[in-house]
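Listed here are the chains, written in short residue letters.
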Amino acid sequence: MENERSEKGEFSTESDCSTVGEQPTDSAQFSPQPESELRERERKHAESPEKHQQQPGITTEHAAAQQSVSTSQDFIGLRLGWIHFNLRKVVTEIFMSDLFWKDVETPNFDSYRVQMESEIQEILVQVSNLQQRRKWKFVMTDYKLDYIELLQQEVNKNPDRPLDVGKEEEQEEASSQCRTLQPPCSIPRRLVISPGLGGTPVNPQLTESLRRILFGGTFRVFNYEWRKSFFQFREPNSALSYALETDRGGARAIQMVIQARIIKYLLFNRQSASDRWSLHSLSEVGQRDQEKALAAALSDSLWLAGQEMSATVTLVTEDYCITPHLDYKLDNFTEKLRLFTFSEKEDVRKFVLDHIQCFKEEGSHGVILFLYSLICSRTVDRLKEDLDSTTSHLLYPSLGNFVCHQALLNLLLTGRATPHVFNGTLYFGEDGLPLEQPLQGILSRSDVGYLHWSREMMDKGRLPQVGSMLKTPRFPIWVCCINNSHSVLFSPNHSLLSDWRTEHLFQLYYYNGQSTQKETTTLTVDTHSHHWEASSRDLEEDLEKRFPSLEMIVRTKWEGAATDWNGTSPFY
């Protein structure tokens, strides 16, 4: 009987806590009500709705809302019980590991404890969130209103104001002792599409697959830094009108790849550009040209991910498309997706341009929408084939945020989520022995290149060797990863990649996406003058410690090049 109750999520908190020596907690808070009692309550509500109508000011609609709240409370009680059971189980595992492994020399013991502690923290946050949510439900019952009804009233007061108050997360560092549930993230109505537009509603299998391919599990969701990220240009008709304002979090890598594709469009693809292939092509860009460039950049990436045969765009609708289960954490966003699939590239571009506000306006969750579109265009099955034993999902936690794996960057650059930057597929290790599983690298040249430099990885001898497929793209534009921060290096001279004589002395332009940069940085690169090398040959110190990292990343492409900052104070 006890095992049967545990499988259903019905158990006594007091008896469970005693297993690990804890004090019993409030059973009313954690013990879910039996199913028969829930059915009895529903029957009573159905048989006597007039009792609610007899109370002053209570209408039939409010009575129905009250019944909905009551049922929601019981459902949350069940979920709290289920999560608390998992919490107890994990705590017991750690307790027993200390008891039985104390004197055992186990090399993986530390990593096991870290993993268990991480699971405890995640479940604790779940319990805290659901407790707070249940408290809201009780408040709604007192006022005879459903939670969703109150949100709807607030939306009706001001349709354009997003109801996402996730900015409170910015204050977590100042008050990290107390974590409370953030209200559901919401999108302004003008950025939500009508179900009449068509498309295919998301299904439970896809929502779970999206979570797993992104985070490795279904209980992680995008934090506030990601939810607030979108594709926002600098002021139109200005010197930096081509440039996106990027965020400091993990979404910045995605924004900078799209920035590189925007530059490609403005420099080399615009049909109306009379001053084509010049830096002036990137200045004095109007708002409509900005939107066209963004639509072209987004659609190019989606079309490439779909193997240049199809592409899928995801947008958000008003209503939920699925009913999640206990193993899935709601974010009130992914569950409202609708998918639009196209078999012609021009149709993709036009559709994105028609709905460009869903990617470029504040509150749109534009970067997440594009990321979902990218995954759906590639399909989860193809992504699993792209990845290898070194990478199982696309994002990983770092310093309180989610950061892009190299596989996601490669997906954006080449259309394939291969985890490595070398050319081809690696079948043998450094010792010459065959690998258990081949390592997947870059298989073809991309339109936009990639360069990598990290002082820390250089010091440890682990700097990845970027292959020629990424170093020599079809257009002279490179996404740069400098000390884990992403930026763009480019040239308007297309012959820089085809005529070796142009590589003797040339100019590169640099943009790092930060608001502190007020104009495009111009660098003059000299590949034949090595006076700086001659004067330092007798010095026993590493060159990377004497020169800015931006200069070092230029040398990963042009070995031994000297860089002139043209009066700009060197940074990076």
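As shown above, the structure is provided for reference.
Cut-offs applied
- Residues numbered from 1 in each chain as written.
- Predicted model: local features only at pLDDT ≥ 70, side-chain atom pairs only at ≥ 80, totals over all residues.
- Heavy atoms only, no water.
- Pairing = 2+ DSSP bridges.
- Helix = DSSP H or I, 4+ residues; strand = E, 2+ residues; numbered from the N terminus.
- Contact = heavy atoms within 4.5 Å.
- Axes fitted to C-alpha atoms, helices over the stretch in contact; angles between N-to-C directions.
- Core = buried A, V, L, I, M, F, W, Y, C linked by side-chain atoms within 4.5 Å.
- Buried < 20%, exposed > 50% of the residue type's maximum accessible area, 1.4 Å probe, protein only.
- Expected span 1.5 Å × (residues − 1).
- Polar contact = N/O pair within 3.5 Å; in protein donor to acceptor, adjacent residues only side chain to side chain.
- Salt bridge = Lys/Arg side-chain N within 4 Å of Asp/Glu carboxyl O.

1. So, the sheet that holds strand β5 (residues 337-342)
Thought 1: Strand order in this open sheet of three strands is β1-β5-β4, and the pairing throughout is antiparallel. One side of each edge strand has no neighbouring strand; the edge strands of this open sheet are β1 (200-201) and β4 (311-316).
Thought 2: Here helix α15 (residues 366-378) sits on the sheet in contact with β4 and β5, set at roughly 145° to β4.

2. Notes on the nonpolar core
Thought 1: Core analysis: the biggest nonpolar cluster contains 96 residues, and Leu214, Trp226, Phe231, Ile254, Phe359 and Phe370 have the highest contact counts within it.
Thought 2: Considering every element that reaches this core, the biggest residue donor is helix α11 (residues 252-269), with 12 residues.
Thought 3: With 22 residues, the next largest nonpolar core counts Cys480, Leu523, Phe547 and Ile553 among its residues.

3. Looking at helix α12 (residues 287-305)
Thought 1: Over its 19 residues, α12 runs 27 Å from end to end, which matches the ideal 27 Å to within 8%, given 1.5 Å per residue.
Thought 2: Counted residue by residue, α12 has 14 buried out of 19 residues, so it is predominantly covered.
Thought 3: The positive-phi residue at the C-terminal boundary of α12 is Gln307, with phi of around 60°.

4. Section: the side chain of Asn332
Thought 1: Within the secondary structure, Asn332 is located in the loop between β4 and β5.
Thought 2: With a relative accessible area of 16%, Asn332 lands in the buried category.
Thought 3: Within the local environment of Asn332, its side chain forms a polar contact with the side chain of Tyr320, the two groups lying 2.3 Å apart.

5. Topic: the pattern of salt bridges
Thought 1: Taken as a whole, this structure holds 15 salt bridges when the rule is applied.
Thought 2: Between Asp386 and Arg378 there is a salt bridge, with the nearest N and O atoms lying 2.9 Å from each other. Note on accessibility: Asp386 and Arg378 belong to one class, buried.
Thought 3: For Arg474, the salt bridge goes to Asp447, with nearest N and O atoms at 3.1 Å. Of this pair, Arg474 sits in the loop between α19 (468-471) and β11 (477-482) while Asp447 sits in the loop between β9 (434-440) and β10 (449-453), placing them 27 residues apart in sequence.
Thought 4: For Arg474, a relative accessible area of 41% gives the class partly exposed.
Thought 5: Connected through salt bridges with shared partners, the residues Lys264, Asp300, Lys345, Asp447 and Arg474 form a single ionic network.

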